[in-house]
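# Fold and contact review
These are the residues of each chain, in order.
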Amino acid sequence: MPDNLVALCFASICVLIGAVLLYDGVSTSDVTQTARVIAGAAFLSLGLMALWFTMKRWVQWKRDYKNGGR
């Protein structure tokens, strides 16, 4: 279970960084706007995928635990 906590923290941090970079990239108009939007989208995607895999593993663990490993 501790690796799930690490993955959940990693996913949360990636989603937060991605959201901040996307907001900053969209709200300002300068030379680095495109790079910030791309980086924000990449971090957001990475965080959401990590969150999805973590929740998938947690649901599978809960199902196996409930069924007694059958």
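Data block above holds the structure.
This structure is a prediction, so every number in the text was calculated from the model and none was measured. Every residue gets a number counted from 1 within its own chain, in the order that chain's sequence is written. Only residues with pLDDT of 70 or above have their local features reported here, since the model is predicted, and side-chain atom pairs are shown and tallied only from 80 upward, although totals for entire chains, interfaces and linings are computed over all residues. Excluded from the side-chain calculations are hydrogens and water; all other atoms, namely the structure's heavy atoms, are used.

## Considerations on the overall build of the protein chain
The helix and strand tally for the protein chain stands at two helices and zero strands. For the radius of gyration, the atom set is restricted to C-alpha positions; the globular benchmark scales as 2.2 Å times the number of residues to the power 0.38. In terms of C-alpha radius of gyration, the protein chain reaches 17 Å, well past the compact-globule figure of 11 Å for 70 residues. Projected onto its principal axes, the C-alpha positions of the protein chain cover 60 × 15 × 15 Å. The cut-offs for exposure are 20% and 50% of the maximum accessible area for each residue type, with area from a 1.4 Å probe on protein chains only; residues under the lower value are buried, those over the upper are exposed, and the others partly exposed. The buried share among the 70 residues of the protein chain stands at 13%. Residue contacts follow a heavy-atom distance rule, with two residues in contact if any of their heavy atoms lie within 4.5 Å. Considering only intrachain contacts with a sequence separation of at least 6, the fraction spanning at least 24 residues in the protein chain is 59%. Surface accessibility of the protein chain: about 5,400 Å² in total, with carbon and sulfur atoms responsible for 72%. Seen as two clouds, the 7 positive and the 4 negative side-chain charges of the protein chain have centres 17 Å apart. Runs of E in the DSSP output that reach at least two residues are strands. Runs of H or I that reach at least four are helices, and both are numbered from the N terminus. Computed with a 1.4 Å probe, the accessible areas rest on the Shrake-Rupley method; for each residue, only the protein chains presented here act as cover. Think of it this way: Lys and Arg go in the positive column, Asp and Glu in the negative one, and His and the chain ends go nowhere. Throughout, a charge is located at the NZ atom of Lys, the CZ atom of Arg, the CG atom of Asp or the CD atom of Glu.

## Remarks on a nonpolar patch on the surface
Patches were defined on residues exceeding 30% relative accessible area and lacking a salt bridge, with like-charge contacts within 9 Å and nonpolar side-chain contacts (Val, Leu, Ile, Met, Phe, Trp, Tyr) within 5 Å. We count a salt bridge whenever a side-chain nitrogen from Lys or Arg sits within 4 Å of a carboxyl oxygen from Asp or Glu. A cluster of nonpolar side chains, contributed by Phe 10, Ile 13, Ile 17, Phe 43 and Leu 46, occupies part of the molecular surface with about 430 Å² of accessible area. Elements with a contribution of two residues or more to the nonpolar patch: α1 (2-27) and α2 (33-66). Here the nonpolar patch takes three residues from α1, the largest share from any one element. As for its placement among the helices and strands, Phe 43 is situated in helix α2.

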